[in-house]
Every structure is written in C-alpha cells, then in structure tokens.
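Chains, contacts and geometry: an overview
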Amino acid sequence: AQSVAQPEDQVNVAEGNPLTVKCTYSVSGNPYLFWYVQYPNRGLQFLLKYITGDNLVKGSYGFEAEFNKSQTSFHLKKPSALVSDSALYFCAVGSGSARQLTFGSGTQLTVLP
Amino acid sequence: DAMVIQNPRYQVTQFGKPVTLSCSQTLNHNVMYWYQQKSSQAPKLLFHYYDKDFNNEADTPDNFQSRRPNTSFCFLDIRSPGLGDAAMYLCATSREGGRGNTQYFGPGTRLTVL
C-alpha cells in the first residue's frame, strides 16, 4: 500500500518570501514522487517529479523539491513566492510505472501581496 | 501544442439521466485515465486504459463505465447520475514504457446533477 500526507491544509506566505509545502509518503519499493498544481476550475498541472538521482529536483515556474529518503519527505519549495503562485498543490506517490498514483489531500497556498 | 482536451467543460444533467463525458489527446499516449474530484479534494482514480486493456478500480461504482474506441479518445459514461456524482471529472494520459511515467491532465469537466 502507498500513502501520502500533506500535513497543512493551508499555507500563507508573503510575496517575495520563500515558500515550502510539505509532503511525506509511504510506499513499498522505490518511490516515484510528483507535485501538481491546480488553479480554480482547472485540471492538475505537472510541476516536477523525482524518480532517481539527485535529491534536489527542479521544475516549472521556479519550483523545486527535495527528496529525503530517511525522512520519507518530498517538500516543495520556491525561493521567492509570487501572488500568481496562489493555488492548490497536490503531492502524489507511485511505484513501478506510476499508473496508480496516490494523491495527498492538497495544500491551499495563498501568497499575500 | 500537444494536449489533453475535455468536452464539455461544464455539463448539467438531471438525476438519473445518462451522461457522457469526452476526452481526447494529441500526445499519442497509450494510457488514459479517468479521475473524480470533489470539492478540491484529492483526485480519485476511477479506471484507466492501457492501450485497449481496461483496468477498473475496485471501489468504482458500476454506474460508471468507460469506452476507448481508439488511441486518441476515451469516454466516461454515467448511466444513472445521482446527486452524489456531482464533481469535477479529470482525464489524464501517460506514456507507458519506463519508471515513474508522468500523467498529464486535461482541464476537467464539471458535472452538475439537478
């Protein structure tokens, strides 16, 4: 069985400040980890993923995430938040081909001007 | 641009009246998925096709069916929609053939049941 926890339903950050959205996971075997962003009434947009290799993954729009195997975490980060980053963020875990993803409950990020 | 397209974006139906949602893709991916998402909750996988091979999730109600007539198109049929089926329905695609294949999502169809 695999599972994902996003411990914060809501994260607020001031524009220009660094942001972190937390994710921890549980999976048998090698984890494949994903971050998606969802704007209101839109589908999920892929940001980045970790499969193997460098623990720091860089993705779209200046986002990055750090894979930490010992802490089973995959936190999403951005050095300087923009108001336009305000959206719902989902972490997901899969294994093998990742056809069956398990999504976290989502974190609503609000960047305040 | 290659993409996943869903039609219509908004669908209103009546309680018990069959409805079909459409998904098409220009990515030439061999896997297509249907998810249900309620009120900004986590998307819930209903089923997926790997080429023509249909894979149903164990807890997907029988009321939900799917068809994939060719590589590009996939349909979600709700035979008798109930009020509890009102949700955003998301189509996604991926290319099978490696590890950790990325799923790409369409914009979704928001279904309202009256």
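Residues numbered from 1 in each chain as written. Chains lettered and ligands numbered in written order. Predicted model: local features only at pLDDT ≥ 70, side-chain atom pairs only at ≥ 80, totals over all residues. Heavy atoms only, no water.

1. Examining the layout of surface pockets
- In this model, the second largest pocket occupies a volume close to 200 Å³.
- As for the second largest pocket, its lining consists of 14 residues, of which Gln38, Tyr39, Pro40 and Asn41 of chain A together with Ser40 of chain B are closest to the centre.
- Across the lining of the second largest pocket, the residue classes tally to five nonpolar, seven polar and two charged. (1 Å grid on protein atoms, 1.4 Å probe; cavity = no way out; pocket = protein on both sides within 12 Å on 5 of 7 lines; lining within 4 Å. Points joined across faces, edges and corners; volume = space filled by probe spheres on them. Nonpolar A, V, L, I, M, F, W, Y, C, P; charged D, E, K, R; others polar.)

2. A short note on the sheet that holds strand β8 (residues 73–78) of chain B
Residue and element names in this part refer to chain B.
- Overall, antiparallel pairing links the four strands, which are arranged β1-β3-β8-β7 in an open sheet. Of all the strands in the sheet, just β1 (4–7) and β7 (64–67) have a single pairing partner and so form its edges. Neighbour-to-neighbour, the strand axes of this sheet turn through a mean angle of 20 degrees, independent of strand direction.
- Judged from the four bridges that link them, β7 and β8 form a sheet pairing that is antiparallel. Paired with Gln65 across the bridge in β8 is Asp77. (Pairing = 2+ DSSP bridges. Helix = DSSP H or I, 4+ residues; strand = E, 2+ residues; numbered from the N terminus. Axes fitted to C-alpha atoms, helices over the stretch in contact; angles between N-to-C directions.)

3. Thoughts on the pattern of salt bridges
- Enumeration according to the criterion identifies six salt bridges over all chains in this entry.
- Between Lys58 of chain A and Glu64 of chain A there is a salt bridge, and its shortest N-O distance comes to 2.9 Å.
- For Asp77 of chain B, the salt bridge goes to Arg67 of chain B, with nearest N and O atoms at 2.7 Å. Note that Asp77 of chain B is positioned in strand β8 and Arg67 of chain B in strand β7, a separation of 10 residues in sequence. (Salt bridge = Lys/Arg side-chain N within 4 Å of Asp/Glu carboxyl O.)

4. A word on unusual backbone geometry
Residue and element names in this part refer to chain B.
- Residues Asn7 and Pro8 are joined by a peptide bond in cis, for which omega reads -15 degrees.
- Positionally, Pro8 belongs in the loop between β1 and β2 (10–13).
- If you check the backbone angles, Ser39 has positive phi at about 45 degrees while not being a glycine.
- Among the structural elements, Ser39 can be located in the loop between β4 (31–37) and β5 (44–50).

5. Considering the state of the cysteines
- Enumeration over the complete set of coordinates arrives at two disulfides over all chains.
- The disulfide partner of Cys23 of chain A is Cys91 of chain A, and the S-S distance across this bridge is 2.0 Å. An S-S torsion of about -60 degrees defines the bridge between Cys23 of chain A and Cys91 of chain A as left-handed. Note that Cys23 of chain A is positioned in the loop between β3 (19–21) and β4 (24–26) and Cys91 of chain A in strand β10 (residues 87–94), a separation of 68 residues in sequence. Comparing Cys23 of chain A with Cys91 of chain A, the two get one shared label, buried.
- Distance from the sulfur of Cys74 of chain B, which forms no disulfide, to the nearest cysteine sulfur (Cys91 of chain B) is 6.1 Å. (Disulfide = S-S within 2.5 Å. Buried < 20%, exposed > 50% of the residue type's maximum accessible area, 1.4 Å probe, protein only.)

Any functional reading would require information that these geometric values do not contain.
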